[in-house]
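Breakdown of the fold
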Amino acid sequence: MTITPSVTTGSRTAGAPYVISLDAGQTYLLQNTGGAPNDLTGTQIDSNRPVAVFGSHAAANVPAPAVGYADYLVEQLLPGSQWGREFVAVASPDRAEETLRVIAASDATDVMINGEVAVTLDAGDVFESTFAGTAAITTDGDVLVAQYSHSAEFDGATSDPHMMLVPA
């Protein structure tokens, strides 16, 4: 596997690819224990064999900076071949709003939310925005979309944060 971290993590420098060799059943952990904004979102992983990649956070407050009630968030990430260009996100009915994160696969990707151009992203770039009700996300390049429910103190709902991938 060739891994190109989006931020410097331990001895691994942001933007500098490095190679890890794994045998069947082995795992590798790339973990950032530094303070904000050391988010590994946008890290590129290329492999010559099928691998599973998980994105997680040990005690996430959503949105950051900290609001009360953190939780462990984890999702198995989709391979680039399964990213898409049209998505619909629906907020939980008891929440005032939720957060979307959009990650681009290629440069100059225009992202529209509910018909309005929100941002143009380059490969590995991340756009974060809140929404209420529903959000229709359309792009002219492949993206991955994650949806986050907020920590309880954000809007008074009885809830810990959670993360889920929005299917294309």
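Residues numbered from 1 in each chain as written. Predicted model: local features only at pLDDT ≥ 70, side-chain atom pairs only at ≥ 80, totals over all residues. Heavy atoms only, no water.

1. What about the overall build of the chain?
- Summing up its helical and strand segments, the chain has one helix and twelve strands in all.
- Going from the N terminus to the C terminus, the chain shows its helices and strands as β-β-β-β-β-β-β-β-β-β-β-α-β.
- For 168 residues, the compact-globule estimate of 2.2 N^0.38 gives 15 Å, and the C-alpha radius of gyration of the chain, at 16 Å, lies within 12% of that figure.
- Seen through its C-alpha atoms, the chain measures out along the principal axes to roughly 45 × 35 × 25 Å.
- When burial is assessed residue by residue, the chain has 32% of its 168 residues classed as buried.
- Excluding contacts between residues fewer than 6 apart, the proportion of contacts in the chain whose partners are at least 24 apart in sequence is 57%.
- For the chain, the accessible surface area stands at approximately 9,600 Å², while carbon and sulfur atoms represent 51% of it. (Helix = DSSP H or I, 4+ residues; strand = E, 2+ residues; numbered from the N terminus. Rg over C-alpha atoms; globule rule 2.2 N^0.38 Å. Buried < 20%, exposed > 50% of the residue type's maximum accessible area, 1.4 Å probe, protein only. Contact = heavy atoms within 4.5 Å. Areas by Shrake-Rupley, 256 points an atom, 1.4 Å probe, with all protein chains shown as cover.)

2. Some points on the nonpolar core
- Formed by 16 residues in total, the largest nonpolar core has its most connected members in A89, L100, A135, I137 and V145.
- Those elements that provide at least two residues to this core are β6 (84-90), β7 (98-104), β8 (109-113), β10 (126-131) and β11 (134-149).
- Sort the elements by how many residues they give to this core and β11 lands first, with four residues.
- Apart from the residues within four sequence positions on either side, L100 is in contact with A89, F127, E128, S129, F131, A135, I137, V145, A146 and Q147. (Core = buried A, V, L, I, M, F, W, Y, C linked by side-chain atoms within 4.5 Å.)

3. Examining the packing of aromatic side chains
- Considering all chains together, one arrives at one aromatic pair under this definition.
- Between R12 and the ring centre of Y18, over which it is positioned, the NZ or CZ distance is 3.7 Å. (Phe/Tyr/Trp six-rings, centres within 6.5 Å; stacked < 30°, edge-to-face > 60°. Lys NZ or Arg CZ within 6 Å of the ring centre and 35° of its normal.)

4. Describing the side chain of T109
- Position of T109 relative to the elements: it lies in strand β8.
- There is a polar contact of 2.8 Å between the side chain of T109 and the backbone oxygen of S106.
- Not counting residues up to four positions away in its chain, the partners in contact with T109 are A104, V119, T120, L121, T139, D140, G141 and V143. (Polar contact = N/O pair within 3.5 Å; in protein donor to acceptor, adjacent residues only side chain to side chain.)

5. Comments concerning unusual backbone geometry
- Unlike most non-glycine residues, A108 shows phi in positive territory, near 60°.
- With respect to the helices and strands, the residue A108 is situated in the loop between β7 and β8.
- Phi angles above zero are rare outside glycine, and N114 is one such case at about 50°.
- Here N114 shows up in the loop between β8 and β9 (116-121).
- Exposure remark for N114: the relative accessible area of 46% places this residue in the partly exposed category.

6. Digging into the environment of A118
- Tracing the chain through its elements places A118 in strand β9.
- With a relative accessible area of 36%, A118 lands in the partly exposed category.
- Note: C-alpha distance between A118 and S129 (eleven residues apart in sequence) is 9.0 Å.
- Once residues within four sequence positions are removed from consideration, A118 is found in contact with V111, M112, I113 and F127.

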